[in-house]
Amino acid sequence: MSKPAELLQGTLDLLILRTVEHGPLHGVGISDRIEQVTNGVFVVGPGSLFPALHRLADKGWLEGEWGTLESGRRAKFYSLTPEGRAQLTVEKRNWRKVFTAVNQVLAEES
Amino acid sequence: MSWTSRTRALLSGLLRRRQVEDDLDEEVRTYFEIHVERRMGKGQSREAALRATRLEYEGLEQVKEKVRDARMGSSIETLLQDLRYAARVLRKSPGFTFFAVLTIALALGANAAIFSLVDGVLLKPSSYPEPERIVQIWEKPPGYQRNGVSGGNFRDWAKQSHSFEAMAALTDGSMSFTGGGEPRSLHAQTVSAPYFDVFGARAALGRTFAREEDEPGKDKVVVLTNRLWQGVFGGEPGVVGRQVSLNGSSYTVIGVLPGGTEYDRGWPDLFVPLVLAPDAARNYHYLRVVARLRAGVSIEQARSEMETLATHIADLYPAVGKTGWSATVDRYLDRLVGQQMRSTLVILMSAVLAVLLIGCANLANLLMARSTLRSREIALRMALGAGRGRMVRMLLTESLLLSSVGALLGVGLGAGLLRWIQSVLPPYYFPNESSIALDGRVLLFLAAATVLTGMAFGLAPAIQAARGSAAEALKEGGRGGSASRGKFLARQWFVAVQVAMAFILLTGGGLLMRSLHRLLNVDVGFDETGVVAGYLPQDRQGKPEAEQLIRYANQLVEEARSLPGIQEAALASALPLQGWGDGMPFHFPGKARENRSIGFKVVTPGYFPALRLRLIAGRVLTEQDVAGGPPVIVVNDSFVRSYMKGQNPIGQRIVANRLLPSRREIGEEVSWEIVGVVSSEKSNGLDTATDDGCYAAFAQVPVIGLGVVARGSGDPSALIKSLQAAVWRVDRNQVLDRPMTVAQMKEETVMDRRLPALLLGGFAVLALLLACAGIYGVLSFVTARRTQEMGIRAAMGATRGDLMRLVVGGGSLPVLAGLGAGFVGALALARFLQSMLFATSAMDALTLFSVSALFLSVAMAACILPAWRAARVDPMSALRQE
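Residues numbered from 1 in each chain as written. Chains lettered and ligands numbered in written order. Predicted model: local features only at pLDDT ≥ 70, side-chain atom pairs only at ≥ 80, totals over all residues. Heavy atoms only, no water.

Taking an unreviewed UniProt entry as the reference, chain B is identified by name as ABC transporter permease belonging to Paludibaculum fermentans. The annotation that UniProt attaches to chain B under Sequence similarities (unreviewed entry) is "Belongs to the ABC-4 integral membrane protein family." (UniProt positions renumbered as here; feature names shortened; annotations may be inferred.)

The name an unreviewed UniProt entry gives chain A is PadR family transcriptional regulator, with Paludibaculum fermentans as the organism.

See below:
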């Protein structure tokens, strides 16, 4: 496994929103999922995960609810609010714009 | 979500901080536990797994701290966002913003000023050390609670009582200060040496009186107030030890009191020792007595000791005739603020709070109307996923922004109003102990009031806005119809409550105004136009000679009479409207002594023509009533009505003691022959029904402590100046103290009624205007939304009159309901006000009628204006709006 990449400013929000898009997940679930999907490129530790989760919840984009894990342990599950869903669409669009633009610059170079 | 559960959610959000902390802790802990368990699943021991997890991540506490930081950051960010948005919205409707800010500024400004008074006078603790140990002691004649204290009795009390650490007697007077240039009059409090020990006061410079300094020969020392030290002595530190000339004697300055304290707010400019002769009289009650309880002695113990002591003293001196006299001991602080002032302040405070409530109701109304207009925008935001909480917060931010801006302006208005109140009131209206200022305490109150107002007028519309179903609002196309029926009802309620409160205030203000008007027009018993008067301070410590006093008085009167522009001048032992000077027990010869007393004024003969007192029977005093002649007296009409109804008073006699020149004791009993009856001069205040008094000739009763009255024509201030000059021609060191026109004196005596009347009247008018703005606002809003309906009605043949009746009919309902409720409330308030009213019934028909008429006409105007606009609508254009 190579060294995890530095996250771009604001990207973490997008990753989290996208990760919970299809259903509620708790903290460990979210960081596991991000690590899995990115093949270990992004590893999100609790020091950046939880502040991001709470910030998104305060903005009204995420909703946290207490539930039970298979092990019987209580955990807080996060899911998208309707407003969060709208925000995700906006962020996806923005990201694509930026991604395309940067790629164009890179293509020019080669 | 219902109104109540929404509020509960808001509140619990504030109260559940602890819960949120616990949640966060559990959440992060779970994260760590899952990772530890994973490692244990791979065969690690728990200790090893824990260690490895700790190494991999930051600690639990650091993570939690980061979360808190993030939340703080995001909440500040949203707050700023909301504030920016609110500011933008408010800028977009400058008319509304201006009205809202002005309303809040006026209401909060009035609250700030009145609360400063209430706080300074009623709430702020006294700055005396252990103030509960300070007491005031009185002599207690049979049938009364409190009487001034005689010098002889005070001496015995101070010597024989054990309950007190220090006891002091005091009396007020003015002293002539001659330090080069024109003499000036200084207010002096003459006090026993332990006076400052009673109050626990220390000098800021030098010292206060030593124990023996109220003994003859050691008493030529003076303590200055800071105010006087700064004002007259330029704040020079070398003043201690300096000699100053007071009443022609040389005094040594021994100390200066600290600045900014009750001493600087009080009447006296300086303090001099009170010297009591060893054989001081027991029958002249001119002293007030204060004392400090010994530590551990209760006021009840002191009371019972003083009662025993006073009764014993009364028995010891039967010749003085004070059988049945005892003593009363009061807690000093309890006596500072009278019931009258207390209720005045309570009424004013309630009035400004009512104004604030009316203002809030108005703004809530307006905001609700706006939120209806904005329901489309709100619905859109909610459709896009804005949470209801977020919408409520946004609207609350808007209202809090409004109230904060209003409050800032309000502080300025309040400070101005407070300064005005203090400038109009006579300086000694409030007790010295009260420090009235728009200070930190007041600002704190204001801040709380601001937040509460913001919430009060912002919450209702915010909840309403958040409650509405988004889909419905969009369907309605922002026009609102059946769904706003509830809102309309709520607004009608607001109007009714506003009207009721404004009506109550207006009735109260009206009653006070009417009572004041009646008081100012009361017959004072004399003709006050063109009369000026002032006091002539004289040294009260010496033993004046009767002949000398008479000579001095004659010279003064002659000199004043000779002035051009002065028609008549006289001396009197008390000035018009300033009390009788002395009250004297009297009885009819041959009849049993009863507990009766009469106002006793010593005058030179010119007093009667100078005041144009009406002669009712017999004659007034003349130059023929001389020292050796038969003792005669002129009584007033009130006395005759009280004691001699149906008899001819002329030639009858009353027995009363004679005043002695020093005015520190009373002389032998004299049988005075009544030679005349004059109209009753109001002496003890304009509102007194009976004012029994009599006049004796100065030549027969020469005393010190005089005032001069003069009747003249022309400019009163020029008159005062030439009177002053005349006095100086006789005695270079004689000051004319507090010279003013009698009309001014009259103003002064009603000031304590004028101010509450003016303020309450002002607040009432403000309330009326606000309530009308509320009525107008609601009606014009409702009418505007019914334009279409009006158009249809007009097209169907309704006349303008019909349309106006329709609108006015709908609008006047809450107004009438409010008036009805207000009427009941006004009656309740009036009952409370009754004690403050003069010759005015709480049910005063004229006041009630005119207030109702005023209210109805203004309220109707507020209804008719929008109705008239609505009725002018062109049916075609109204219909086309569809």
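As recorded in UniProt, the feature "domain: Transcription regulator PadR N-terminal" (unreviewed entry) lies at residues 16–89 of chain A. Between the end C-alpha atoms of residues 16–89 of chain A the distance is 13 Å, and the span holds 49% helix and 22% strand. (Helix = DSSP H or I, 4+ residues; strand = E, 2+ residues; numbered from the N terminus.)

All names here are of chain B. Looking at the assigned domains, one finds that chain B contains domain 1 (3–72), domain 2 (142–324), domain 3 (339–521 + 751–880) and domain 4 (538–734). Between the C-alpha centres of domain 2 and domain 4 there is a distance of 29 Å. With 17 residues of domain 2 in contact, the opposing surface of domain 4 contributes 14 residues. Carbon and sulfur atoms make up 43% of the surface buried where domain 2 meets domain 4, a total of about 1,500 Å² over both sides. Sorting the residues of domain 2 by area buried against domain 4 places P183, N283 and Y284 first, and these three jointly supply 35% of that buried surface. The interface formed by domain 2 and domain 4 includes 0 salt bridges. Counting across the domain 2 and domain 4 interface gives 4 residue pairs in polar contact (both at pLDDT 80 or more). Across the side of domain 2 that touches domain 4, the residue classes tally to 9 nonpolar, 6 polar and 2 charged. (Domains from an automatic or database assignment. Contact = heavy atoms within 4.5 Å. Buried area = accessible area lost by both parts, 1.4 Å probe. Salt bridge = Lys/Arg side-chain N within 4 Å of Asp/Glu carboxyl O. Polar contact = N/O pair within 3.5 Å; in protein donor to acceptor, adjacent residues only side chain to side chain. Nonpolar A, V, L, I, M, F, W, Y, C, P; charged D, E, K, R; others polar.)

Take a positive patch on the surface next. Residues R84, R88, R91 and K92 of chain B make up a contiguous surface patch of positive charge. Considering the arrangement of structural elements, one finds K92 of chain B in helix α4 (residues 60–92). (Patch = residues over 30% accessible without salt bridge, like charges linked within 9 Å, V, L, I, M, F, W, Y side chains within 5 Å. Areas by Shrake-Rupley, 256 points an atom, 1.4 Å probe, with all protein chains shown as cover. Lys, Arg positive; Asp, Glu negative; His and termini not counted. Charge placed at Lys NZ, Arg CZ, Asp CG, Glu CD.)

Moving on, we come to the nonpolar core. All names here are of chain B. Ranked by internal contacts, the top residues of the largest apolar core, which has 123 residues, are I114, Y607, L621, Y695, F763 and F855. In terms of residues, this core owes the most to one element, helix α21 (residues 742–785), which gives 20 residues. Lining this core are residues from two domains, each supplying at least three of them: domain 3 (339–521 + 751–880) and domain 4 (538–734). Excluding its chain neighbours within four sequence positions, the residues that come into contact with L621 are V603, P605, F608, V632, V634, V675, Y695, A696 and A697. Judged by nonpolar contacts, the second largest core, of 71 residues, contains V329, A560, C694 and A696. (Core = buried A, V, L, I, M, F, W, Y, C linked by side-chain atoms within 4.5 Å. Buried < 20%, exposed > 50% of the residue type's maximum accessible area, 1.4 Å probe, protein only.)

All right, on to the packing of helix α22 (residues 787–795) of chain B against helix α23 (residues 800–833) of chain B then. Residue and element names in this part refer to chain B. Between α22 and α23, whose axes approach to 10 Å, the crossing angle comes to 145°. Note that α22 runs across α23; the crossing there is right-handed. On α23, the residues that touch E789, M790, R793 and A794 of α22 are L803, L806 and V807. Tallied by class, residues from the contact of α22 with α23 come to 5 nonpolar, no polar and 2 charged. (Axes fitted to C-alpha atoms, helices over the stretch in contact; angles between N-to-C directions. Left-handed = near helix turned anticlockwise from the far one by under 90°.)

Quick look at the UniProt feature "domain: MacB-like periplasmic core" (unreviewed entry) in chain B now. The UniProt feature table records "domain: MacB-like periplasmic core" (unreviewed entry) at residues 97–308 and 562–723 of chain B. Secondary structure content for residues 562–723 of chain B is 12% helix and 38% strand, while the C-alpha to C-alpha distance between its ends is 10 Å.

Turning next to the interface of chain A and chain B. With 26 residues of chain A at the interface, the matching set in chain B holds 26 residues. In total, chain A and chain B occlude about 2,200 Å² of area from one another, counting both sides; carbon and sulfur atoms represent 58% of this. Among the residues chain A hides against chain B, the three largest losses belong to P46, F50 and R73 of chain A. Together they make up 25% of the total. Along the contact surface separating chain A from chain B lie 4 salt bridges. Seen at the junction of chain A and chain B, the total is 7 residue pairs in polar contact (both at pLDDT 80 or more). In terms of residues, the side of chain A that touches chain B owes the most to one element, helix α3 (residues 46–58) of chain A, which gives 8 residues.

Take unusual backbone geometry next. Positive phi, close to 55°, is recorded for N39 of chain A, a residue that is not glycine. Using a relative accessible area of 69% as the deciding quantity, one classes N39 of chain A as exposed. Even without a glycine there, the phi angle at L577 of chain B is positive, about 65°. Looking at the secondary structure, you find L577 of chain B in the loop between β13 (566–572) and β14 (582–587). A residue is classified by how much of its surface remains accessible, and L577 of chain B, at 6% relative accessible area, is buried.

Another aspect to go through is the packing of helix α5 (residues 94–123) of chain B against α21 of chain B. Residues and elements named next belong to chain B. Closest axis-to-axis distance for the α5/α21 pair is 12 Å, and the angle between their directions is 155°. One element, α5, and the other, α21, form an angle in the roughly antiparallel class. Between α5 and α21 the crossing geometry is left-handed. Where α5 abuts α21, its residues F99, T103, L106, A110 and I114 lie against L759, F763, L766, L770 and A773. Broken down by class, the residue content of the contact of α5 with α21 amounts to 9 nonpolar, 1 polar and no charged. (Parallel < 35°, antiparallel > 145°, perpendicular 65-115°, else oblique.)

Turning our attention to the packing of aromatic side chains. Two measures describe an aromatic ring pair: the distance that separates the ring centres and the angle between the ring planes. Residue and element names in this part refer to chain B. This structure, assessed with the given rule, holds 30 aromatic pairs over all chains. Taken together through their ring pairs, the aromatic side chains of Y128, Y195, F196, F199, F209, Y263, F271 and Y332 make up a single cluster. Looking at R282, its charged tip hangs above the ring of Y317, at a distance of 3.8 Å from the centre. Above the ring of W728, the side-chain terminus of R732 is found at 5.2 Å from the ring centroid. (Phe/Tyr/Trp six-rings, centres within 6.5 Å; stacked < 30°, edge-to-face > 60°. Lys NZ or Arg CZ within 6 Å of the ring centre and 35° of its normal.)

The 3 strands lie next to each other as β1-β3-β2 (chain A), forming an open sheet whose pairing is antiparallel. Two strands in the sheet have a free side with no partner beyond their single neighbour: β1 (25–26) and β2 (62–68) of chain A. (Pairing = 2+ DSSP bridges.)

The next point concerns the environment of V89 of chain B. Residue and element names in this part refer to chain B. You can see V89 is positioned in helix α4. On the basis of relative accessible area, V89 is assigned to the buried category, the value being 9%. Each C-alpha atom, one on V89 and one on N595, is 75 Å from the other, the two residues being 506 residues apart in sequence.

Turning next to the pairing of strand β6 (residues 221–224) of chain B. Residues and elements named next belong to chain B. Along β6, one buried face is formed by V221 and V223 and the opposite face, lined by V222 and L224, is buried too. Across 4 bridges, β6 lies against strand β8 (residues 249–256) in parallel orientation. From the neighbouring strand, V222 faces β8, where its bridge partner is V253. Bridge analysis of β6 against strand β9 (residues 270–273) gives 2 bridges, and the strand direction is antiparallel. Bridge assignment links L224 to a residue of β9, and that residue is L270.

Another aspect to go through is a nonpolar patch on the surface. Residue and element names in this part refer to chain B. A contiguous nonpolar patch, built from F98, L102, L106 and L413 and spanning about 360 Å² of accessible area, is present on the exposed surface. By residue number, the principal contributor to the nonpolar patch is α5, which donates 3 residues. Structurally, L413 is set in helix α13 (residues 388–424).

With that settled, the discussion passes to the side chain of D23 of chain B. With respect to the secondary-structure elements, D23 of chain B resides in helix α2 (residues 17–41). Comment: no salt bridge for buried D23 of chain B; closest opposite-charge side chain is K76 of chain A, at 4.1 Å. If near-sequence neighbours (up to four positions away) are discounted, D23 of chain B is found in contact with W66 and K76 of chain A.

Residue and element names in this part refer to chain B. One pass over the structure, following the stated rule, counts 0 disulfides over all chains. With no disulfide of its own, C360 lies closest to C772 among cysteine sulfurs, the gap being 18 Å. The exposure class of C360 is buried, given its relative accessible area of 8%. (Disulfide = S-S within 2.5 Å.)

This part takes up the confidence of the model for chain B. Here chain B averages 85 in pLDDT, and 92% of its residues register 70 or above. Both scores are available for the predicted complex, with the pTM at 0.74 and the ipTM at 0.87. (pLDDT = per-residue confidence, 0-100.)

Looking now at α3 of chain A. Residues and elements named next belong to chain A. The end-to-end C-alpha separation of α3 is 18 Å, in line with the 18 Å expected for 13 residues at 1.5 Å each. Listing the buried residues of α3 in full gives P46, G47, L49, F50, P51, A52, L53, H54 and L56. Within two residues after α3, G60 carries a phi angle of roughly 90°, on the positive side. (Expected span 1.5 Å × (residues − 1).)

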